[in-house]
Amino acid sequence: MNWIEKDNKLVKDFQFENFIEAFAFMKKVAFAAEKMNHHPEWTNVYNKVFIKLSTHDAGNIVTDLDRELAAKIDKFAS
Ligand SMILES: C[C@H](O)[C@H](O)[C@H]1CNC2=NC(N)=NC(=O)C2=N1
């Protein structure tokens, strides 16, 4: 599955083997997001991580910053 644009957000759901794998992924995303000062809206339920990206500073729309973070997130999940 790829990122889809929905309600002015880039959205993608990820699934892992278990909670530890999901959380390890979240930790990588967290450090990348902090480095970019661009943070995800996300929910974690056991082995699943649901991510939504938008740029608040631009009025809650999808910008290149979201696409950049999405590309990094995909690398961490692969
Ligand atoms: C004040 C702070 O630097 C800003 O609010 C940053 C923080 N993280 C952010 N994250 C996201 N997703 N969009 C932003 O516009 C944004 N802005």
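Preceding this section is the structure that the text describes.
Cut-offs and rules
Residues numbered from 1 in each chain as written. Predicted model: local features only at pLDDT ≥ 70, side-chain atom pairs only at ≥ 80, totals over all residues. Heavy atoms only, no water. Buried < 20%, exposed > 50% of the residue type's maximum accessible area, 1.4 Å probe, protein only. Helix = DSSP H or I, 4+ residues; strand = E, 2+ residues; numbered from the N terminus. Pairing = 2+ DSSP bridges. Phe/Tyr/Trp six-rings, centres within 6.5 Å; stacked < 30°, edge-to-face > 60°.

A. Up close: the pairing of strand β4 (residues 48-53). On β4, burial follows the alternation: Val49, Ile51 and Leu53 on one face are buried, whereas Lys48, Phe50 and Lys52 on the facing-out side are not. Strand direction decides the pairing type here: strand β2 (residues 9-15) and β4, joined by six bridges, are antiparallel. Residue pairing across strands places lysine 12 opposite isoleucine 51, the latter belonging to β4. Here strand β3 (residues 41-45) pairs with β4 via five bridges, running antiparallel. By the bridge assignment, tryptophan 42 is partnered in β4 with isoleucine 51. Following β3, the chain reverses through two residues before pairing antiparallel with β4; tyrosine 46 in that reversal takes a positive phi of roughly 50 degrees.

B. Broad picture of the packing of aromatic side chains. By the definition in use, this model includes four aromatic pairs. Pairing tryptophan 3 with phenylalanine 14 gives two aromatic rings, centres 5.9 Å apart and planes at 65 degrees, and the pair type is edge-to-face. In this pair, tryptophan 3 is assigned in the segment before β1 (4-6) and phenylalanine 14 in strand β2, connecting sequence segments eleven residues apart. What makes phenylalanine 14 buried here is its relative accessible area of 7%. With 5.1 Å between their ring centres and 40 degrees between their planes, phenylalanine 14 and phenylalanine 25 make a pair best called tilted. Here phenylalanine 14 is found in strand β2, whereas its partner phenylalanine 25 is found in helix α1 (residues 19-36), with eleven residues between them in sequence. Each member of the pair, phenylalanine 14 as well as phenylalanine 25, carries the same accessibility label: buried. Here the aromatic cluster, defined as three or more aromatic residues joined through ring pairs, consists of Trp3, Phe14, Phe16 and Phe25.

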